Amino acid sequence: MSVEGGGKGWIGASLLRKEDARHLYGHGMFIADVHVSGVQDVAFVRSQMAHARVVQVDKPARHAANVFVLNDIQPVKILEAGPELSAHRHSPYPALADGRVRYVGQTIAACVMPTRAQAEDLADQVHVALEELPAVVDVVAAMRPDSPRVFDEWPNNSYISTSVVEGNPELLGSAAVRVHRRLRLNRQATVSLEGRGVLAYWDHRLDELVVYLSTQGGQVKRLALSRMLGLPEHKVRVIAPDIGGGFGGKNRIMPEDIAVAAIALKVRHPVRWIEDRREHLLASPHARDHTYDLTICAERDGTLLGIEGDIYIDAGAYALWPTGAFQEASMASRNLTGPYRMRHLRLDAHTVATNKAPMGPYRGVARPGATFALERLVDEVARELGREPFDLRRQNAVTAAELPYRTAAGLKLDTGDYIAALDLAREKIDLPAIRRRQVAGEPDGRKIGVGFAFYTEQSGHGTVEFMKRKFRVIPGYESANVRMLPDGNVLIYVGVQNHGQGHETTLAQIAAHELGIDPGQISVRYGDTAIGPYGFGTFASRSIVFAGGAVGKASRALAEKIRRIGAHLLQTDVAAIRIENGMIHGPSGKIGLAEIAFAANARPDQLPTGMDPLLESVATYEPTESGGVFAYGTHAVVVAVDPDSGVTEILDYVVSEDCGTMINPMIVDGQVQGGIAQGIGTALYEEIPYDEQGQPLATTFADYMVPCAPEVPTVRIQHIVTPALTTEYGVKGLGEGGAIAPPAAIANAVADAFRDIGASFNETPLSPRRVSEAVDLARRARGGQR
């Protein structure tokens, strides 16, 4: 284990991102920038009710041919989403409503016109008669026997309910300390910089359906479109151009994708839909919306024993293909012990259908919710015992000597030093100084608080892990094609999709490390199913583990062939050959890599006898440990809170984290900073509330708050480097880590600011109203103490 370590050569170098130049100069190409001759725009008619029967759809007579309902785009097959478990209930999700709508914003009809404005005008002329039905809004109430049903044929509103019983949970009932809380993360949108979008047309020259799609993984989307539209896969081409962020919201097949592609098969021109912000907040895949009703148990000496209770995941009205939202409840249960030595669990987890937009796998998936619940409960135990919360964490953290450590829920924490991460964060935040400042008080009357959150981030799951989860599509590997051209420059084709992660840079660094050339000589290509190798896309912090491993493996195979050719030309043994700085060195001479590449591609007569020409290698990669590897860290935050207005300001933010070997430390820091910005949104700003009729109350940025530059602090990031043992180069995924801990750390800091009056903060976002109401409630409980 080292602090701020770096690798040799190109691995560990903080290179500027290759992809930044085109974006900074406005040369990127996103879905809305793709121009195809004759394209017409789509506007959708969407449900204005949360739950209703579709009685009738009246098309305006003049443009009836331009309005498409479900029958007009048939045949379209509905794929069953969710795990391959008989207990998981099917929720058929049509591209356009099939007689029932189940959330506000669900697509009913599609209007096609030469411009978006004309399409929207036509949509306004379509009359939809709806017969309103009772709406299911509250996730806990949805599980009661007398609740209305989202699907009439279901016995209740649960997609699936599971139980986790580990250790000896019967011991928890007699624990000396039992702290019960109901905790909640409210619903969010992903708010990617670019919304969703799709452009589709039939290419008569190639005899195929071309679908430009803002997606996190084109190969899996092609699979879905092929099956749903009844086309063979070689007749479907998905192209993902530049993608302006995804965060899980572009990792599922959506009704608009299907409808636009189906319409393209019916008309003689290209059709396009670009999501606007109101559509995004209404009907894009939503996130979070977790409720935890839990009791944490401990001994009087502070030893944490375990947790029991219920977890409710509001998955919305439909499961999204392929996996649905079922894994959120499972992940919440499995991650609820975090990096602590708790041995007893008794949890009932419910994935629940409501009349809200479907749930997607937002950045961090269930881990921010589980971490929020766990870390708030740990702070509450410390308060109950009169202990410093940091000390209680340190007492119960898994030590380096105990690794590898299998948690109560069966997760194998592999490498690292969890206590070092805690101590480093405490040192940098200067906890004693904060405590002195609290005693002195602030001149402006604000309250100062400090909060910690301890997290783990599992990534790099392999085939066996996803088989256990009963996934319909098993993303257990990635592949890469590495090709050296006659001039010695290199093209790399991968199946992952870059949408802000820096793949064009980091994957080039890996190949450069193996091939002994400059990353500037390497181009990384992705996003076109016609030319790229099969892969599953970018999500779940998996790309550097899987695609990085595949690129490294393919590059090593290529380097071995280069050495064999070099040895032949230099008339020496292969064992005596090394590649360095674009040259092949032997004991008594050297030759340029470009000369080797030219021979391999254009002068096969110069190759060793029996060697095939070309310099090209295809490799697949899966880590040897299917259960994944664990990044981890500690977030420490200092806040100042106005007790009357409830406004919270972040004064300082420190992160100590371990993501193994860093291919590019600067990109790592950017990922952490960006994740924290999103986590601050969860903690303080972002929420889509619904009223009792299922109407969303935040459908514009006037109502839906996101943190902007003034609200996001400069984060002080400290790295601990413990290479993973089961991945190429010792890397661990880190893309979600920044977003996991902020809700817990910030809520703990706000609670710490008001620990003298015992105010409780167990629901995000911690809006000014929620904070001021909690403070007022605590004051009144103490007889008006300020």
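Thresholds applied
- Just so you know, the residues in each chain are numbered from 1, in the order the chain's sequence is written.
- pLDDT decides what is reported in this predicted model: residues at 70 or higher carry local features, side-chain atom pairs at 80 or more are listed and counted, and totals for whole chains, interfaces and linings draw on all residues regardless.
- Based on all heavy atoms of the structure, the side-chain values leave hydrogens and waters out of the count.
- DSSP bridges decide pairing: two strands pair if at least two such bridges lie between them.
- Each helix corresponds to a stretch of at least 4 residues labelled H or I by DSSP, and each strand to a stretch of at least 2 residues labelled E; elements are numbered beginning at the N terminus.
- To get an axis, fit a line to the C-alpha atoms, keeping to the stretch in contact for a helix; angles then go from 0 to 180 degrees between the N-to-C directions.
- Contact definition: two residues touch when any of their heavy atoms are within 4.5 Å.
- Any pair of Phe, Tyr and Trp rings, taking the six-membered ring for Trp, is counted once the centres come within 6.5 Å. Such a pair is stacked with planes under 30 degrees apart, edge-to-face with planes over 60 apart, and tilted for the rest.
- Definition used in this section: a nonpolar core is a set of buried Ala, Val, Leu, Ile, Met, Phe, Trp, Tyr and Cys residues joined via side-chain atoms within 4.5 Å.
- Only protein chains enter the accessibility calculation, which uses a 1.4 Å probe; a residue whose area is less than 20% of its type maximum is buried, one above 50% is exposed, and one in between is partly exposed.
- Under the convention used throughout, the expected extent of a helix is 1.5 Å for every residue step, that is, one less than its residue count.
- Think of a polar contact as two N or O atoms within 3.5 Å of one another; within protein, one of them needs to be a possible hydrogen donor and the other a possible acceptor, and neighboring residues in sequence only count if both atoms come from side chains.
- Both cavities and pockets are sets of points on a 1 Å grid over the protein atoms alone; in a cavity a 1.4 Å probe fits but cannot get out, in a pocket the set is open with protein on both sides within 12 Å along at least five of seven lines, and lining residues sit with an atom within 4 Å of a point.
- Grid points are joined across faces, edges and corners, and a volume is the space filled by probe spheres set on the points.
- Classification used: nonpolar for Ala, Val, Leu, Ile, Met, Phe, Trp, Tyr, Cys and Pro, charged for Asp, Glu, Lys and Arg, polar for all others including Gly.
- Angles are sorted into four bins: roughly parallel if under 35 degrees, roughly antiparallel if over 145, roughly perpendicular if 65 to 115, and oblique for all others.
- Crossings are classed by handedness, with left-handed meaning an anticlockwise turn of the near helix from the far one by less than a right angle and right-handed meaning a clockwise turn.

The subject of this paragraph is the sheet that holds strand 24 (residues 583-585). The strand order 23-24-25 describes an open sheet built from three strands, whose pairing is antiparallel. Unpaired on one side and paired on the other, strand 23 (578-580) and strand 25 (590-592) mark the two borders of the sheet. Taking each pair of neighbouring strands and ignoring which way they run, the sheet shows an average axis angle of 25°. With three bridges joining them, strand 23 and strand 24 adopt antiparallel strand pairing. Of the residues in strand 24, the one forming a bridge with R578 is H585. Packing against the sheet, helix 13 (residues 543-570) makes contact with strand 23, strand 24 and strand 25, and its axis sits at approximately 60° to strand 24. Sheet strands touched by helix 14 (residues 593-602): strand 24 and strand 25. Its angle to strand 25, the strand with the most contacts, is close to 65°.

Each pair of aromatic rings is reported with the distance of its centres and the angle of its planes. Enumeration according to the criterion identifies 15 aromatic pairs in this entry. Plain terms: the ring middles of Y103 and Y318 are 6.4 Å apart, the flat faces sit at 70° to each other, and that makes the pair edge-to-face. Of the two residues, Y103 sits in the loop between strand 5 (100-101) and strand 6 (107-113) while Y318 sits in the loop between strand 15 (304-316) and helix 6 (326-334), which places them 215 residues apart along the sequence. Ring geometry for Y477 versus F536: centroids 5.1 Å apart, planes at 85°, classification edge-to-face. In this pair, Y477 is assigned in the loop between helix 11 (463-468) and strand 20 (478-484) and F536 in the loop between strand 22 (522-525) and helix 13, connecting sequence segments 59 residues apart.

Moving on to the nonpolar core. Judged by nonpolar contacts, the single largest core of 104 residues is most densely connected at I746 and F761. Those residues in contact with I746 that sit more than four places away from it in its chain are V637, I650, Y653, I680, A683, L684 and L766. Core analysis: the second largest hydrophobic core is formed by 74 residues, L79, L225, Y312 and M359 among them.

Next up on the list: helix 13. Here helix 13 contains 28 residues, and its C-alpha end-to-end distance of 38 Å stays within 8% of the 40 Å for a straight helix at 1.5 Å per residue. Where helix 13 ends, the next residue or the one after it, Q571, has phi of about 55°, a positive value.

Now for the environment of P475. As for its placement among the helices and strands, P475 is situated in the loop between helix 11 and strand 20. Overall, the relative accessible area of 4% leaves P475 in the buried class. Along the backbone, P475 and V220 are 255 residues apart, and their C-alpha atoms lie at a distance of 9.6 Å. When sequence neighbours within four positions are dropped, the list of residues in contact with P475 reads H461, F466, F536, F539, R542 and F546.

Here we take up the pairing of strand 6. A regular strand places its side chains on the two faces of the sheet in alternate fashion. For strand 6, a buried count of seven out of seven residues is recorded, marking the element as mostly surrounded by other parts of the structure. By the bridge criterion, six bridges tie strand 2 (residues 40-46) to strand 6 in an arrangement that is antiparallel. Following the sheet pairing, F44 is matched in strand 6 by A110.

This part is about the environment of G245. You can see G245 is positioned in the loop between strand 12 (236-239) and helix 4 (255-266). Classification of G245 as buried rests on a relative accessible area of 6%. Considering only alpha carbons, one finds G245 and N498, 253 residues apart in sequence, at a separation of 8.8 Å. G245 has contacts with S192, E194, K250 and H499, leaving out every residue within four places of it along the chain.

So, on to the side chain of S479. Among the secondary structure elements, S479 is positioned in strand 20. Side-chain polar atoms of S479 contact the backbone oxygen of Y534, separated by 2.3 Å. Excluding residues within four positions of it along the chain, S479 makes contact with Y493, V494, G495, P533, Y534, A550, A619 and T620.

By volume, the second largest pocket is sized at about 510 Å³. Around the second largest pocket, the lining comprises 20 residues; the ones closest to its centre are F44, V45, R46, Q48 and R278. Of all the secondary-structure elements, those providing two or more residues to the lining of the second largest pocket are strand 2, helix 2 (116-125), strand 7 (127-132) and helix 5 (277-283). Its residues assigned to classes, the lining of the second largest pocket shows ten nonpolar, three polar and seven charged.

To continue, consider the packing of helix 3 (residues 218-229) against helix 4. For any two helices packed against each other, one specifies the inter-axial angle together with the distance between the axes. The contact between helix 3 and helix 4 brings their axes to 11 Å, and the two run at 55°. Relative to helix 4, helix 3 is oriented oblique. Here helix 3 runs over helix 4; the crossing is right-handed. Residues L225, M228 and L229 of helix 3 lie in contact with helix 4, whose contacting residues are D257, I258, A261, A262 and L265. Partitioned by chemical class, the residues of the contact of helix 3 with helix 4 number seven nonpolar, no polar and one charged.

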